[in-house]
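Analysis of the macromolecular model
Here is what each chain is made of, one letter per residue.
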Amino acid sequence: DGGITQSPKYLFRKEGQNVTLSCEQNLNHDAMYWYRQDPGQGLRLIYYSQIVNDFQKGDIAEGYSVSREKKESFPLTVTSAQKNPTAFYLCASSEGTSGNNEQFFGPGTRLTVL
Amino acid sequence: GQSLEQPSEVTAVEGAIVQINCTYQTSGFYGLSWYQQHDGGAPTFLSYNALDGLEETGRFSSFLSRSDSYGYLLLQELQMKDSASYFCAGYTGFQKLVFGTGTRLLVSP
C-alpha cells in the first residue's frame, strides 16, 4: 500500500528537549511538507522540500529544523528554541507534476510539552 | 500577506445543501483547493479549481471567481459523515499551498 507514515502518533516532551518527528512516504513524490495545526486553526507551513537535498522555510520555521537526505524521508526536529511547541504536526507529500497540486497527508503526530 | 478567510462554523441537517465560502486577500493564487478533515484525522483532498467556474465531483462542487477573490464549496445531500472541518487552500506555485482558517460543519439528523 502506498502512503505516508508518521511516528509516533503521540509524543510527550519535557521543556528544553529537542525531539524529532518521523515522516516517510512510498509514493515516489518529489515534494514533502511539514505543517503545524493548533486547536480550531488552519494548517501553517513550517518547512517544505521540492527535491532531495533541498528545503525551504515556510511561514513559521523558527525553532524547527529539517533534513531531506532521502526522497522518501523528511524528518522534523522541534528544538528547544520553539517557544510553544504543543500542537498537531502533519506531514504531506505531492507529486509536483499533477495538475491539481494534490497533497497527501500522513496521520499526524500530536506533540505535548510537559 | 496571503490569507484566506472562512466562516468558523456552519450547521445543517441531513439531506440539505450547504455552501462554505472562502475569500482571499492576495492576487497571487493560481488556483483554489478544498480539503476535508475529520476530528483528529488527516486532511484529504476534495477538489481543485485551476480556472474560474464550477467543478463538480459527485455530491461536492467547488467554485472559483478570481476577479472576486472568492470561492466556495457546495455540499449536496448532506450525510452525517460529512460532519468535519473544511479548508480552502490557495496554490501559490512552486508546489506550495496556503490554507484557510477552516470551517467546521455540523450535520444534524
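Provided above is the structure to which this section pertains.
As a starting point, this report considers the structure included with it. (Residues numbered from 1 in each chain as written. Chains lettered and ligands numbered in written order. Predicted model: local features only at pLDDT ≥ 70, side-chain atom pairs only at ≥ 80, totals over all residues. Heavy atoms only, no water.)

Quick look at the overall build of chain B now. Per the secondary structure count, chain B includes zero helices and 11 strands. Element order for chain B, N to C, with α for helix and β for strand: β-β-β-β-β-β-β-β-β-β-β. The C-alpha radius of gyration computed for chain B amounts to 13 Å, which stays within 12% of the reference 13 Å derived for 109 residues, consistent with globular compactness. Residues counted as buried form 50% of the 109 residues belonging to chain B. Contacts in chain B between residues far apart in sequence, at least 24 positions, make up 57% of those at least 6 positions apart. Roughly 5,000 Å² of accessible area belongs to chain B as shown, and the carbon and sulfur atoms make up 50% of that amount. (Helix = DSSP H or I, 4+ residues; strand = E, 2+ residues; numbered from the N terminus. Rg over C-alpha atoms; globule rule 2.2 N^0.38 Å. Buried < 20%, exposed > 50% of the residue type's maximum accessible area, 1.4 Å probe, protein only. Contact = heavy atoms within 4.5 Å. Areas by Shrake-Rupley, 256 points an atom, 1.4 Å probe, with all protein chains shown as cover.)

Taken residue by residue, the interface counts 18 residues in chain B and 24 residues in chain A. Across the interface of chain B and chain A, roughly 1,700 Å² is buried in total on both sides, 54% from carbon and sulfur atoms. Area buried by chain B at its contact with chain A is led by Q95, K96 and F99 of chain B, which between them contribute 33% of it. Mapped by element, the contributors of at least two residues to the side of chain B that touches chain A are β4 (31–37), β5 (44–49), β9 (84–93) and β10 (96–99) of chain B. (Buried area = accessible area lost by both parts, 1.4 Å probe.)

With that settled, the discussion passes to the pairing of β10 of chain B. All names here are of chain B. Covered by surrounding structure in β10 are K96 and V98 together with L97 and F99, the residues of both alternating faces. Judged from the four bridges that link them, β9 and β10 form a sheet pairing that is antiparallel. When the bridges of β10 are listed, Y91 appears paired with L97. (Pairing = 2+ DSSP bridges.)

All names here are of chain A. Strand order in the open sheet formed by four strands is β1-β3-β8-β7, and the pairing between neighbours is antiparallel. A strand with exactly one partner marks an edge of an open sheet, and here the two such strands are β1 (4–7) and β7 (64–66). Ignoring which end each strand starts from, the neighbouring axes of this sheet average 20 degrees apart. By the bridge criterion, four bridges tie β1 to strand β3 (residues 19–25) in an arrangement that is antiparallel. Residue pairing in the sheet places T5 in a bridge with E24 of β3. (Axes fitted to C-alpha atoms, helices over the stretch in contact; angles between N-to-C directions.)

Once that is clear, we can look at the packing of aromatic side chains. Residue and element names in this part refer to chain A. One pass over the full model with this rule turns up 16 aromatic pairs over all chains. Ring centres of Y35 and F105 lie 5.7 Å apart, and the angle between their planes is 40 degrees; on these two criteria the pair is classed as tilted. With Y35 in strand β4 (residues 31–37) and F105 in strand β10 (residues 104–105), this residue pair connects regions lying 70 residues apart in the sequence. Taken individually, Y35 and F105 each receive the classification buried, so the pair is uniform in this respect. Taking the centre distance of 5.9 Å and the plane angle of 65 degrees together, the rings of Y64 and Y89 count as edge-to-face. Pair noted here: Y64 is in strand β7 and Y89 is in strand β9 (residues 87–94), with a separation of 25 residues, a long-range link. By the burial criterion, Y64 is buried, and Y89 matches it. The ring of F74 carries R68 above its face, with NZ or CZ at 6.0 Å from the centroid. Looking at R110, its charged tip hangs above the ring of F88, at a distance of 4.3 Å from the centre. (Phe/Tyr/Trp six-rings, centres within 6.5 Å; stacked < 30°, edge-to-face > 60°. Lys NZ or Arg CZ within 6 Å of the ring centre and 35° of its normal.)

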